[in-house]
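# Architecture and fold: a report
As a plain string of letters, each chain reads:
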Amino acid sequence: MKETVYIFSNGRLKRKDNTLFFETEDGNKKFIPVENTKEIFMFGETDLNSKVLNFLSQNEIVLSYFNYYGYYAGSFYPREHYNSGFMILRQADHYTDETKRQFIAKKFIEGAVKNCLKILKYYERRGKDLTQYINGIEDILSKLEEQESIEKAMAIEGQIKQLYYNAFNCIIDDPEFSFERRTKRPPRDFLNTLISFSNSVIYSYVLSEIYQTHLDPRIGFLHTTNFRRFTLNLDVAEIFKPVIGDRTIFAVLNKKIITENDFEKQLNGILLKDSARKRFLQYMEERLKETIKHSGLNKQVSYRRLMRLELYKLEKHLMEEETYKPFVMDW
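Going along each chain's sequence as written, the residues are numbered from 1 onward. In keeping with the model being predicted, local features are shown solely for residues with a pLDDT of at least 70 and side-chain atom pairs are shown and tallied solely at 80 or more, while totals for entire chains, interfaces and linings include all residues. The side-chain values count all of the structure's non-hydrogen atoms but skip hydrogen atoms and water molecules.

The chain goes by CRISPR-associated endonuclease Cas1 in an unreviewed UniProt entry, where it is assigned to Kuenenia stuttgartiensis. According to the UniProt record, the Sequence similarities (unreviewed entry) comment for the chain is "Belongs to the CRISPR-associated endonuclease Cas1 family." UniProt positions are given in the numbering used here, feature names are shortened, and annotations may be inferred rather than shown by experiment.

Below you can see the structure in the form of structure tokens.
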């Protein structure tokens with residue numbers, strides 16, 4: 001399986017013949033095994049030129065870069081090697097037809113919420129008092145189908161997320177990471193900083209998986225397609241943020257892998273230190289490589305592979321071969 005390369009240092013990404021390497025500011029070189037690289041995530045200040053971009057395109061490597069605070073800033077998305085005019089037309093048809101678009105959008109919300117519930121019920125079985133949150137979320141979710149617009153459906157999702165995030169205070173055994181309300185730009189506390197970082201990385205993972213399909217990342221269904229570069233990865237990521245991201249957050253905090261000492265308070269928000277980002281990503285990588293028994297395929301499948309399978313299911317729905325059902329954890 002191809003790997004993700006994470007670059008945290010400042011320096012320059014260079015190409016020499018058929019080799020790619022990163023040179024730090026003090027002259028140290030780290031060669032990147034291109035044949036085994038799926039994507040590159042850059043967190044430092046990195047220089048590169050068109051030779052590098054051409055080489056990345058030839059080798060079908062997606063490059064995503066993150067800003068000073070560790071949040072997704074953009075991607076170099078190579079020329080689509082699976083580009084399909086037919087699929088673009090199918091996506092556009094399901095976007096412009098309000099009924100078709102609503103169906104898909106609500107399915108993304110449904111999958112995300114049911115995965116949130118699975119996580120809460122998992123911790124409830126382990127002694128956490130989460131009944132009020134579970135009941136509240138189930139009650140709100142029951143109203144999803146009757147919503148007459150995507151905006152109203154997203155309002156339902158917003159109510160559920162508020163309850164879900166409030167439940168974090170019962171799951172995380174550290175008062176320094178208590179949750180009050182969701183803040184993003186910038187996050188105003190340690191937990192929001194970690195949630196935003198986790199979400200940004202998952203958006204990039206999903207984008208790389210979209211690149212391996214016939215789907216166009218610019219046409220989403222839950223998130224409005226406009227002049228923003230990509231939206232489909234934001235849609236699909238909703239299903240996997242609880243499964244991959246939140247479970248990683250609970251693990252690193254409850255095991256004290258990341259503590260309040262791993263953050264820096266600044267005027268414009270709170271910064272997660274590079275050393276903590278590395279530890280977090282290490283745990284997230286382990287989560288992505290974990291496997292579960294896939295009932296449909298009757299074999300073990302990694303969580304990273306599940307992202308791709310989710311996209312294949314969406315393709316079949318768009319081609320009207322099979323009605324889309326979102327992935328929900330079966331435990």
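Looking now at the overall build of the chain. Each helix is a run of H or I in the DSSP string that is no shorter than four residues. Each strand is a run of E no shorter than two, and both are numbered from the N terminus. Along the backbone of the chain there are 10 helices and 12 strands. Relative to the 2.2 N^0.38 estimate, which gives 20 Å for 331 residues, the radius of gyration of the chain is 20 Å and therefore close to what a compact globule would have. Principal axes of the C-alpha set define a box for the chain whose edges measure 60 × 50 × 40 Å. Each residue gets one of three labels from its accessible area relative to the maximum for its type: buried under 20%, exposed over 50%, partly exposed in between, using a 1.4 Å probe on protein chains only. The 331 residues of the chain split such that 55% are buried. Restricting the calculation to C-alpha atoms gives the radius of gyration, and the globule rule supplies 2.2 Å times the number of residues raised to the power 0.38.

Right, let's get into the domain arrangement of the chain. How far each domain reaches was decided by an automatic or database domain assignment. Partitioning the chain into structural domains gives domain 1 (3-76) and domain 2 (85-319). A C-alpha centroid distance of 26 Å is found between domain 1 and domain 2. We call two residues in contact when some of their heavy atoms are within 4.5 Å. Listed as interface residues are 18 residues of domain 1 and, on the opposing side, 26 residues of domain 2. Buried area is a sum: the accessible area each of two parts loses on coming together, probed at 1.4 Å, counted once for each and added. Considering only the surface of domain 1 that becomes buried against domain 2, F8, Y69 and Y71 emerge as the three largest contributors, covering 33% of it.

Before going further, it helps to examine the pairing of strand β3 (residues 19-24). A pair of strands is treated as paired once DSSP finds two or more bridges between them. Of the strand pairs in this sheet, strand β2 (residues 11-16) and β3 are connected by 6 bridges, and their pairing is antiparallel. Opposite R12, over in β3, you have E23 as the bridge partner. In textbook terms, the turn of a hairpin is the stretch between consecutive antiparallel strands, and for β2 and β3 this stretch comprises 2 residues, one of which, D17, has a positive phi near 55 degrees. One ladder, built from 4 bridges, connects β3 with strand β4 (residues 29-32); its direction is antiparallel.

We now examine helix α3 (residues 98-124). With 27 residues, α3 should cover 39 Å at 1.5 Å per step; its first-to-last C-alpha distance of 38 Å lies within 8% of that length. Capping of α3 at its N-terminal end is provided by D97; its side-chain oxygen lies 3.1 Å from the backbone amide nitrogen of T99. Helix span is expected to be 1.5 Å times the residue number reduced by one. Throughout this description, a polar contact denotes any pair of N or O atoms lying within 3.5 Å of each other; where both atoms belong to protein, one of them has to be capable of donating a hydrogen while the other can accept it, and for residues adjacent in sequence the pair is counted only when both atoms sit in side chains.

What follows concerns the UniProt feature "binding site: Mn(2+)" (unreviewed entry) in the chain. Those places that UniProt annotates as "binding site: Mn(2+)" (unreviewed entry) correspond, in this numbering, to E157, H223 and E238. A stretch of 82 residues holds the annotated residues, and the largest C-alpha distance among them is 12.4 Å, short enough that they meet in one place. Counting through the fold element by element, H223 comes out in the loop between α7 (190-211) and α8 (232-254). If near-sequence neighbours (up to four positions away) are discounted, H223 is found in contact with R101, T231, L234, D235 and E238. A distance of 2.7 Å separates a polar atom in the side chain of H223 from a polar atom in the side chain of D235. Structurally, E238 is set in helix α8. Leave out the neighbours within four places in its chain, and E238 touches A112, E157, K161, L222 and H223. At a separation of 3.1 Å, a polar atom in the side chain of E238 contacts the side chain of K161.

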